[in-house]
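Chain residues, written in single-letter form:
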Amino acid sequence: MVYPMQHMLSSHEWKLLRQCLNEVLHGFKLQDTQTKIGMSEEHLSQFLGYLNGLEDNQEIRIDSSRAIFLVKVLRETLREFPGAQFRERTGYKFREGEALFARLAELVAPRALGIKPPEPI
């Protein structure tokens, strides 16, 4: 039996991702969420609810399938809010978002998935 790879996210990381997920759902209009993220808005909302229910200092474990859609959520948010706008909208530095994107994208084999990082500003 093959088990999906598991990835740990610190509370700082999942909180950054939660802010990005909130922006994708409520902050800017993303055309065709299902195609760009690989998940319906309903399922994204359910995952946002899960993240909102976590304890502040809790680490979480995600499988590769969740890592893939979170990479895409982060990619779209970085594209939508380059530089200082990212911090204004999420409360996190753009470089923090880029670093987390790079770490997660490396874990989920971005070349095989066709995931490209946002263009540098």
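Visitor: So what about the environment of Tyr50? Which residues, and what values?
Guide: One can find Tyr50 in helix α3 (residues 41–52). Considered as a pair, Tyr50 and Arg18 are 32 residues apart in the sequence and their alpha carbons are 9.7 Å apart.

Visitor: Tell me what's going on with the environment of Glu76, and back it up with residues and numbers.
Guide: Within the fold, Glu76 resides in helix α4 (residues 64–80). Each C-alpha atom, one on Glu76 and one on Val24, is 7.6 Å from the other, the two residues being 52 residues apart in sequence. Those residues within four positions of Glu76 in sequence are excluded, and the remaining contacts are Phe28, Leu30, Lys36 and Ile37. Separated by 3.0 Å, the side chains of Glu76 and Arg75 make a polar contact. Among the polar contacts made by the side chain of Glu76, one reaches the side chain of Arg79 at a distance of 3.3 Å.

Visitor: Residues and numbers for helix α1 (residues 11–27), please.
Guide: The first and last C-alpha atoms of α1 sit 22 Å apart over 17 residues, in line with the 24 Å expected at 1.5 Å per residue. Here α1 lies mainly inside the structure; 12 of its 17 residues are buried. Of the surrounding elements, those touching the buried residues of α1 are β1 (6–9), α3, β2 (60–63), α4, α5 (84–90) and α6 (94–107).

Visitor: Go over the pattern of salt bridges, please, and point to the residues and values.
Guide: Throughout the structure, instances matching the rule amount to 5 salt bridges. Arg89 is paired through a salt bridge with Glu23; the nearest N and O atoms lie 2.9 Å apart. Of the two residues, Arg89 sits in helix α5 while Glu23 sits in helix α1, which places them 66 residues apart along the sequence. Its relative accessible area of 35% is what places Arg89 among the partly exposed residues. Classification of Glu23 as buried rests on a relative accessible area of 7%. Here Arg79 and Glu76 are joined by a salt bridge, their closest N and O atoms 3.3 Å apart. Within this pair, Arg79 and its partner Glu76 are both found in helix α4, separated by 3 residues, close to a single helical turn.

Visitor: Go over the packing of aromatic side chains, please, and point to the residues and values.
Guide: Applying the stated criterion to the full structure yields 4 aromatic pairs. Ring centres 5.4 Å apart and planes at 85° place the aromatic pair Phe28 and Phe81 in the edge-to-face group. On the criterion of sequence distance, the pair formed by Phe28 in the loop between α1 and α2 (33–37) and Phe81 in the loop between α4 and α5 is long-range, its members being 53 residues apart. Among the aromatic residues, those joined into a cluster by ring pairs are Phe47, Tyr50 and Phe69.

Rules and cut-offs
Position numbers for residues start from 1 in each chain and track the written sequence from start to end. The model is predicted, so local features are restricted to residues of pLDDT at least 70 and side-chain atom pairs to those at 80 or more, both for listing and for counting; the totals for chains, interfaces and linings are taken over all residues. Excluded from the side-chain calculations are hydrogens and water; all other atoms, namely the structure's heavy atoms, are used. Helix and strand definitions here come from DSSP, where helices need a minimum of 4 consecutive H or I residues and strands a minimum of 2 consecutive E residues; each element is numbered from the N-terminal end. By definition in these notes, contact holds between two residues if any of their heavy atoms fall within 4.5 Å. Here a polar contact is taken to be a pair of N or O atoms separated by no more than 3.5 Å, where protein atoms must pair a possible hydrogen donor with a possible acceptor and residues adjacent in sequence count only if both atoms sit in side chains. Here the expected length of a helix is defined as 1.5 Å per residue gap, with one fewer gap than residues. Type-normalised accessible area, obtained with a 1.4 Å probe on protein chains alone, sets the label of each residue: buried when under 20%, exposed when over 50%, and partly exposed for intermediate values. Take a side-chain nitrogen of Lys or Arg and a carboxyl oxygen of Asp or Glu: if they are within 4 Å of each other, that pair is a salt bridge. Aromatic pairing here means that ring centres of Phe, Tyr or Trp (its six-membered ring) are within 6.5 Å. Orientation follows from the plane angle: under 30 degrees is stacked, over 60 is edge-to-face, and everything else is tilted.

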